[in-house]
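# Notes for the structure review
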Amino acid sequence: MLLIFTLIGAQSIALALSKPKTSNHSYATINDKARGAILDQKGRILASTVPVNILYADPKHIFNPEEVASALLPYVPKLDKPTLIKRLTKKGRFTELDRKLTPKRHSAILQLGLPGIYVKPATIRIYPQGREAAHIIGAVDRDNNGIAGIEKSQNETLASGENVYLSIDTGLQTVLRESLDTQIKTFEALGGAALILDVKTGEIMAATSLPDFDPNHIMTSTDTARFNQVTKGVYEMGSIFKVLNTAIALETGAIDMQATIDVSKPIRVAGQLIDDYHPIKGSIGLAEILVRSSNIGSAHISQLIGSETQKNYMKQLGLLSASPLEIVENGVPLVPQNWSHITTMTVSYGYGLSVSMVQAAAAIAAAGGDGHYIAPTLLRRNANEPIEKLRIFSTETSMAVRSMMRLVVSNKIGTGNFADAPGYLVGGKTGTAEKVENKGFNRKANRVSFVATFPANDPAYLIMMMVDEPIGQKHSYNYATAGWVVAPAIKEVVNQIAPILGVHPVDITKPENSQNLLPPMMLDGKESVYASF
Amino acid sequence: MRFVLLSCLIVAVLGSGLYFAKLTVDEQYRTLKQLELEIKSQTEHNYVLQAEWTFLTRPERLLRLSHSLLGMNAITPERILPISSIPMRRSVTTSIPNADAGVENVAY
């Protein structure tokens, strides 16, 4: 009796202390350390990790490859029969047949009951926005390691499971890409690039480079399509640099708004001829030099500024070294080794110094904004995050610059009239740069660009767009200048994004708006006003 | 002898109690594991659904559909007004007792 009770007690204790039977069942494929998502400024997914099923074969378990291949062929659309047989007869125990097996094909393959054909769960990186901002987002390799763009530069953060929020707004991105694409097709251009910058925070809200690629299928894209023209490409920007030249001249006191410069004679220096696209007779003021985009006038002004001063300003504006952008595809400017007085002249109208579009945009945002330089960023700023601002230009200088930029668009002698989106007070500057070819310039191959800020009374956003080698069309009277090619697209973009951004039409006749611009000034002998309605 | 028997009985009862408690804990543990798996599974479904939702609501598609199916276009500037430009409802006309005769003061 005693023995029985003792045994029962001991067994009960032994059972109680025994370890629970563990389950062999494993379901989940996304673990806690799954690669984080990349989201846009408003939390929309740009890149995410989702579970998939990988179809694979164990060649050792396949006895009749020909028969298995025939049965499997309808369900592996990416492979033809010879390739499939080759894979099924490969040495080793694992050969991948399809990385993205759909549930429908998965079910059909299971019903075939083929020996040696297996399915295993895995994860895959997907980009639901497709081509939008593809150059910025980048891509990953088969092991989910970043190989380009933010995927690469933020690889550590993403790999630890954290999400990364970008400054990009997919809505603005779509508008910008569509408009640029339309102009490229209309003017039979090679490609183009564009960006939208928040002038007050330095956040890049949209950036597009065409041709582009679908990061879901990056391996099928060309090198040209993968090249990021917004951040990686460095170019001579052409006349849009005149905005900087004007701002530096005013800030240093090299010239004032009342002074005039004779622009009737081309400048011949060291075998080079500096002349104007449309020759101008006599002397004109600073505003007219910018509005008419006079190379001669800009070159004369640069001589008043001086080489050293010009170079110092270029350095402060972040144009002599790579920007601290959070992306691996970050272009390094091509800076002339000897900053001679000829260099000073050519830099004044955008030749001799090659910078990326992002760098040029940030510098012009300082001159045409409120005078502060803010380093551009691709990451979303937090609400209370302090923004490092470097004052380069005084409020008086920046007010004068944005007034003149407004006149480029609003005055009939300006080169950017087609950019005028009524009510939004667009200010801007056109630029047409000849492309370098065989150590010289090809006059027939241009890169045309336009930089715009709006609203001019208190610039909040900057748009920059560039089109590569446009061809003049019948409707443009065979002109392929920035004013014809890019300016209309800027108007289109402003009209579409202003309501999204909450920018209301501005009544410039109201004192609170007009006080932020210079009083109406004389241009071409007539009084010029800023209003467009 | 009685004491020993009683002790064995107590041990057996306690052992059984402990065993049933363990069984209950194991059951709860299994439920917990099941719930964790279910959460993981639902999280995975969420990832897929979020991706699908993003794909279907991508601005490029909405822009195309709203234009082709609904004939919608970008809002023109003249349709956007600041709140201050909307006239407020006219208040009841009042006359100030000491005001000049025949003149009404209307407040907006």
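What you are looking at is a predicted structure, and each value in this text was computed from that prediction instead of being measured.

## Digging into the overall build of chain B
- Across its full length, chain B carries 2 helices and 0 strands.
- Within chain B, the fraction of its 108 residues that count as buried is 13%.
- When the accessible surface of chain B is summed, it comes to about 9,100 Å², and 64% of that surface belongs to carbon and sulfur atoms.

## Thoughts on the overall build of chain A
- Within chain A, the secondary structure is distributed over 19 helices and 22 strands.
- Its C-alpha atoms give chain A a radius of gyration of 30 Å, more than 25% over the compact-globule value 24 Å for 533 residues.
- In terms of overall dimensions, chain A has a C-alpha envelope of 120 × 60 × 45 Å along the principal axes.
- Looking at chain A as a whole, 56% of its 533 residues qualify as buried.
- Counting only carbon and sulfur atoms, one obtains 53% of the accessible surface of chain A, whose full area is about 23,600 Å².
- Computed over 52 positive and 48 negative side-chain charges, the inter-centroid distance for chain A is 6 Å.

## Concerning the nonpolar core
All names here are of chain A.
- Counting residues in hydrophobic clusters, the biggest one holds 102 residues, and the most contacted among them are Leu 462 and Met 464.
- Considering every element that reaches this core, the biggest residue donor is helix H15 (residues 357–368), with 10 residues.
- If we skip the residues at most four places from it in the chain, Met 464 touches Ala 193, Ala 194, Leu 195, Met 237, Ile 240, Met 357, Ala 360, Ala 361, Phe 450 and Val 451.
- If you look at the next biggest cluster of nonpolar residues, it comprises 40 residues, including Leu 210, Ala 421, Val 426 and Ile 463.

## Some details on the side chain of Ser239(A)
- In this fold, Ser239(A) is placed in the loop between strand E10 (235–236) and helix H10 (242–252).
- Only 3.4 Å separates the side chain of Ser239(A) from the side chain of Ser293(A), close enough to count as a polar contact.

## Some details on the packing of aromatic side chains
- The tally for this structure, following the rule as stated, stands at 9 aromatic pairs over all chains.
- Between Tyr313(A) and Phe393(A), the ring centres sit 5.9 Å apart and the planes meet at 10°, which makes this aromatic pair stacked. Here Phe393(A) lies in the loop between strand E17 (390–391) and helix H16 (395–410) and Tyr313(A) lies in helix H13 (residues 307–316), a separation of 80 residues in the sequence.
- Through pairs of rings, three or more aromatic residues link up here, namely Phe418(A), Tyr477(A), Tyr479(A) and Trp484(A).
- Its end group placed over the ring of Tyr165(A), Arg380(A) keeps NZ or CZ at 4.1 Å from the ring centre.
- Its end group placed over the ring of Phe55(B), Arg58(B) keeps NZ or CZ at 4.2 Å from the ring centre.

## Examining the confidence of the model for chain A
- Looking at chain A, the pLDDT average stands at 90 and 95% of residues meet or exceed 70.
- Segment residues 23–28 of chain A is flagged for pLDDT under 50; beyond a separation of four residues in sequence, or across chains, it makes 8 contacts in the model.

## Points about helix H8 (residues 170–186) of chain A
Residues and elements named next belong to chain A.
- For H8, with 17 residues, the first-to-last C-alpha span of 24 Å sits near the 24 Å given by 1.5 Å per residue.
- Within H8, 12 of the 17 residues are buried, leaving the element largely enclosed by the surrounding structure.
- Listed in full, the buried residues belonging to H8 are Thr 170, Gly 171, Leu 172, Gln 173, Thr 174, Val 175, Leu 176, Arg 177, Ser 179, Leu 180, Gln 183 and Ile 184.
- Between the side-chain oxygen at the start of H8 and the backbone nitrogen of Gly 171 there is a gap of 2.8 Å, and the oxygen is on Asp 169.
- Glu 188 occupies a position one or two residues after H8 and carries a positive phi of about 45°.

## Comments concerning the environment of Val52(A)
- On the secondary structure map, Val52(A) appears in strand E2 (residues 45–57).
- Looking at Val52(A), the relative accessible area reads 15%, which means it is buried.

## Looking at the confidence of the model for chain B
All names here are of chain B.
- Here chain B averages 82 in pLDDT, while 83% of its residues score no lower than 70.
- The low-confidence segment residues 99–108 (pLDDT under 50) makes 7 contacts with residues lying over four places distant or belonging to another chain.
- Both scores are given for the predicted complex: the pTM is 0.85, the ipTM 0.76.

Thresholds, definitions, all that
- Residues numbered from 1 in each chain as written.
- Chains lettered and ligands numbered in written order.
- Predicted model: local features only at pLDDT ≥ 70, side-chain atom pairs only at ≥ 80, totals over all residues.
- Heavy atoms only, no water.
- Helix = DSSP H or I, 4+ residues; strand = E, 2+ residues; numbered from the N terminus.
- Buried < 20%, exposed > 50% of the residue type's maximum accessible area, 1.4 Å probe, protein only.
- Areas by Shrake-Rupley, 256 points an atom, 1.4 Å probe, with all protein chains shown as cover.
- Rg over C-alpha atoms; globule rule 2.2 N^0.38 Å.
- Lys, Arg positive; Asp, Glu negative; His and termini not counted.
- Charge placed at Lys NZ, Arg CZ, Asp CG, Glu CD.
- Core = buried A, V, L, I, M, F, W, Y, C linked by side-chain atoms within 4.5 Å.
- Contact = heavy atoms within 4.5 Å.
- Polar contact = N/O pair within 3.5 Å; in protein donor to acceptor, adjacent residues only side chain to side chain.
- Phe/Tyr/Trp six-rings, centres within 6.5 Å; stacked < 30°, edge-to-face > 60°.
- Lys NZ or Arg CZ within 6 Å of the ring centre and 35° of its normal.
- pLDDT = per-residue confidence, 0-100.
- Expected span 1.5 Å × (residues − 1).

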